[in-house]
Amino acid sequence: MPVSLADPVFTVVTKGGHRSVGLFGLMARAMSGDVMDLPVLAAHQRGAAVTVFSVLMHVLARYAHVDRNDEASWAAAWDKLIGTEALRVTAPHRKVAFLQPPTDKPSSQQSIEAADLMLPNVEHEVKRTWSTCSAEAAIFSIMGSLCRPNTKDHRSSTRTGLCAVLPSEDGTIGSEIVGLLTAYDRLKLRSTTSTKARDHFVWLRPYRPTDRSISFADLPCPFLDVGRAQRIIEAGNGCFEIWACPNNSIRVTGTDPWLDDPQVPKATEAKRVARYKLGAKTFDHRFQHHVLFGSTDKQRSIERPRILDLIDYRVVRLGALGTEQGKTKGYREALFVAARSEGLFHLDPPKAEDRPARLSAAALATIEAGSTILFSALAALYPDTDDLTVTERSRIRRSQEAYRARVGPASVQLVFDLLNQEENSPEEQRRLNTVIAAEVRATFDLAVSALVRPLHAARAEYRLEGGIRFKLKGEAMSKDTEPPLLSRQTFAILRDISAHATPDDRALLRTMFLPDPPLTFWKMMASVPEEQTDNERCLAIWKIVLRALGDIRQSSSSLGRALAEQEFPENRMERLLTASGSSLPGLIEEALRWLSSHHVQTVDLSILASLGLADTLGDLEARDWARRQIALDYVRQAGAEHRTVRDAQAGAAVKEAS
């Protein structure tokens with residue numbers, strides 16, 4: 001059983017596999033780029049653990065000459081500056097151990113899950129573990145308490161709800177530790193000539209209710225403090241438990257709660273400066289943009305973490321802990337690629353007219369424009385009501401939430417991509433429009449995928465196209481795709497038949513008796529696939545369509561537009577688009593008779609033919625494509641005619657007034 005962190009306490013994933021190393025071996029391997037992961041470390045403990053390791057290394061290298069790639073050199077610096085007693089995994093409660101200050105006798109056993117930052121007052125939601133055979137798990141739990149919120153009988157840590165930005169070269173935890181260490185090294189943090197390395201580690205001092213509070217102004221930066229007066233205890237069976245001492249005394253006092261940590265953002269308001277953290281906010285695209293790129297409004301300005309301009313990196317990890325009224329609301333994390341090329345990347349220090357902040361603001365504005373477009377389009381799915389019901393608004397709201405969840409990471413990534421290129425505002429806005437329009441379209445498609453009223457879906461899509469055209473400059477305006485195989489095949493057959501049909505052929509088709517078609521019909525059917533000619537229901541569709549060919553020539557002119565131009569009733573169009581089975585041929589025939597009676601000479605008959613054939617053959621892709629095209633063209637033409645009438649009325653009113 002390890003008794004000191006100098007022993008091989010930590011399990012490390014290296015390039016050569018899993019290794020067991022001590023604290024100083026971990027430091028040396030991190031510097032050499034050989035720490036890929038710490039598998040025992042929980043995700044929500046990552047920001048706290050990286051902070052602890054980086055501060056320890058920075059302080060040791062700041063006050064002693066250290067060969068950073070040499071484990072023995074780190075160990076010698078610790079022995080000289082801090083002392084081996086501070087490496088103990090366990091110690092009597094009046095003695096110091098690693099991240100365990102001298103305390104009164106502990107009296108309250110904590111579960112391993114609740115000892116760190118994650119589970120105050122919500123322990124009933126998980127199965128608790130009261131002991132662990134891994135000293136490493138117990139140590140990581142103590143590290144996690146550095147970010148613990150305020151709970152009964154325990155003051156919160158100075159790093160409550162830490163929001164941490166951890167850039168690195170490759171996304172590994174070792175690279176994140178080295179990156180934060182480098183940032184601390186490059187900051188000019190305050191200290192005095194009398195400051196010693198031990199002064200940075202507040203956890204070396206006693207933490208009892210009778211001990212005097214420590215002034216923030218008197219502490220050198222960076223410093224490490226613990227969130228709770230708690231200790232690791234040997235259980236006697238090779239396992240470890242964590243016990244806490246009730247202690248509600250204020251550990252560190254000061255009017256400025258913001259720490260000089262380069263990995264955290266800073267919020268400046270009229271009366272205070274504080275760390276910007278997730279708290280009760282949503283971990284959405286707005287929060288991520290504000291943290292990574294900064295923002296300024298009338299109430300406050302948010303300054304992105306200094307680490308983003310202090311070091312070079314390729315990958316950026318953003319982790320944040322939600323807290324509210326002494327409870328944690330869950331840990332959230334996002335990973336972004338800051339540089340896609342072989343070279344590394346860094347931001348410039350924040351300044352007036354900051355480009356990252358301007359790009360971020362443009363992205364947020366474009367996202368909101370997309371949200372407005374999406375709401376307007378989805379509202380058109382329910383045209384039969386004067387006002388949206390609670391259920392309808394709830395459905396739309398869920399779709400908007402799904403849109404924001406999709407577009408948030410994509411927009412942050414796009415800002416990083418644009419920052420790697422020369423500034424070009426028009427091109428940057430065009431790319432933002434393209435990304436947002438694509439996400440709006442994808443969310444809309446998902447929302448209408450289960451809708452059984454194609455005309456309503458088409459009306460909503462038409463409104464969506466208009467919104468994208470005018471608010472997003474037409475980017476990704478339409479998702480028109482290549483017709484399915486059945487539709488292409490049917491179009492080619494009808495085009496060939498129409499091209500070779502003589503006036504006599506058309507006359508015979510026009511007067512054809514459907515139960516007993518003439519020889520001309522069967523000659524024309526020679527080019528139709530056997531699976532259709534051998535199917536009586538498919539033959540019924542071909543008879544209806546070819547009889548219409550006696551009056552109407554096959555062309556590429558839109559059938560939906562033609563029906564709208566000839567004022568084909570909307571209720572009949574709705575029945576045509578939703579029909580299936582035995583009722584569909586009669587409705588197809590009705591639409592074709594309507595066109596013939598209104599003397600339409602050319603139109604694309606293949607789309608109605610493929611609608612009927614696809615329904616018969618069970619080709620859902622071709623059926624849905626035909627329904628959508630007919631409905632969308634019908635709605636587009638109706639909308640165009642409405643605009644023409646409206647413009648004419650407006651012109652007449654202006655003329656009369658003048």
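No experiment lies behind these values; they were computed from the predicted model shown. (Residues numbered from 1 in each chain as written. Predicted model: local features only at pLDDT ≥ 70, side-chain atom pairs only at ≥ 80, totals over all residues. Heavy atoms only, no water.)

S.K.: Sorry if this is basic, but what is going on with the packing of aromatic side chains here?
M.R.: For any pair of aromatic rings, the description rests on two quantities: the centre-to-centre distance and the angle between the ring planes. The final tally for this structure, using the stated rule, is 15 aromatic pairs. Judged by centre distance (6.1 Å) and plane angle (75°), the ring pair of Phe-216 and Phe-223 falls under edge-to-face. Phe-223 carries the same exposure label as Phe-216, and that label is buried. An aromatic cluster is present here, built from Phe-24, Trp-78, Phe-98, Phe-201 and Trp-203 joined pairwise through their rings. Across the ring face of Tyr-207, the terminal group of Arg-251 is positioned such that the distance to the ring centre comes to 4.5 Å. (Phe/Tyr/Trp six-rings, centres within 6.5 Å; stacked < 30°, edge-to-face > 60°. Buried < 20%, exposed > 50% of the residue type's maximum accessible area, 1.4 Å probe, protein only. Lys NZ or Arg CZ within 6 Å of the ring centre and 35° of its normal.)

S.K.: Help me understand the environment of Ala-135 in this model?
M.R.: Note that Ala-135 resides in helix H4 (residues 135–144). On the basis of relative accessible area, Ala-135 is assigned to the buried category, the value being 6%. Along the backbone, Ala-135 and Leu-5 are 130 residues apart, and their C-alpha atoms lie at a distance of 9.3 Å. Look past the residues within four positions of Ala-135 in its chain and what remains in contact with it is Pro-2, Val-9, Val-89 and Phe-240. (Helix = DSSP H or I, 4+ residues; strand = E, 2+ residues; numbered from the N terminus. Contact = heavy atoms within 4.5 Å.)

S.K.: How should I be thinking about the sheet that holds strand E12 (residues 300–303) in this particular structure?
M.R.: Hydrogen bonds along the backbone pair up the strands of a sheet, which may run parallel or antiparallel. Read across the sheet, 4 strands follow the order E10-E9-E12-E11 without closing on themselves; strand pairing throughout is antiparallel. On the outer flanks of this sheet lie strand E10 (273–275) and strand E11 (295–296), each paired with one strand and no other. (Pairing = 2+ DSSP bridges.)

S.K.: It is not clear to me how the side chain of His-44 should be interpreted in this structure. Could you clarify?
M.R.: Within the fold, His-44 resides in the loop between helix H1 (23–31) and helix H2 (46–63). At a separation of 2.7 Å, a polar atom in the side chain of His-44 contacts the side chain of Asp-116. (Polar contact = N/O pair within 3.5 Å; in protein donor to acceptor, adjacent residues only side chain to side chain.)

S.K.: Any chance you could explain the environment of Leu-455 here in plain terms?
M.R.: Positionally, Leu-455 belongs in helix H11 (residues 454–471). Taking relative accessible area as the criterion, Leu-455 reaches 0% and is therefore assigned buried. For Leu-455 and Glu-136, which are 319 residues apart along the polypeptide, the C-alpha to C-alpha distance reads 62 Å. Here Leu-455 is in contact with Glu-570, Met-573, Glu-574, Leu-577, Ala-631, Tyr-634 and Val-635, once residues within four sequence places are set aside.

S.K.: Which parts of the structure should I look at to understand the packing of helix H8 (residues 355–379) against helix H9 (residues 390–419)?
M.R.: Interaxial distance between H8 and H9 falls to 9 Å at its minimum, and their mutual angle equals 155°. The pairing of H8 with H9 is recorded here as roughly antiparallel in orientation. Judged by the sense of rotation from one axis to the other, the crossing of H8 with H9 is right-handed. For the contact of H8 with H9, the class distribution of residues is 14 nonpolar, 7 polar and 4 charged. (Axes fitted to C-alpha atoms, helices over the stretch in contact; angles between N-to-C directions. Parallel < 35°, antiparallel > 145°, perpendicular 65-115°, else oblique. Left-handed = near helix turned anticlockwise from the far one by under 90°. Nonpolar A, V, L, I, M, F, W, Y, C, P; charged D, E, K, R; others polar.)

S.K.: Help me understand the pairing of strand E4 (residues 163–168) in this model?
M.R.: Regular strands show a simple pattern: their side chains alternate between the two faces of the sheet. Within E4, 6 of the 6 residues are buried, leaving the element largely enclosed by the surrounding structure. What you see with E4 is no split at all: Cys-163, Val-165 and Pro-167 on one side and Ala-164, Leu-166 and Ser-168 on the other are buried throughout. Bridge count between E4 and strand E13 (residues 315–324): 6 bridges; the pairing is antiparallel. Among the inter-strand pairings, Pro-167 is bridged to a residue of E13, identified as Val-316.

S.K.: Sorry, what's going on with the state of the cysteines here?
M.R.: What makes a disulfide is a covalent bond joining the sulfur atoms belonging to two cysteines. On inspection of all chains with the given rule, the structure shows 1 disulfide. With a sulfur-sulfur separation of 2.5 Å, Cys-133 is cross-linked through a disulfide to Cys-239. Taken together, the residues span a long stretch of sequence, with Cys-133 in the loop between strand E3 (108–110) and H4 and Cys-239 in the loop between strand E6 (230–234) and strand E7 (240–244) at a distance of 106 residues. The cysteine Cys-147 is free of any disulfide, with Cys-163 supplying the nearest cysteine sulfur at 11 Å. (Disulfide = S-S within 2.5 Å.)

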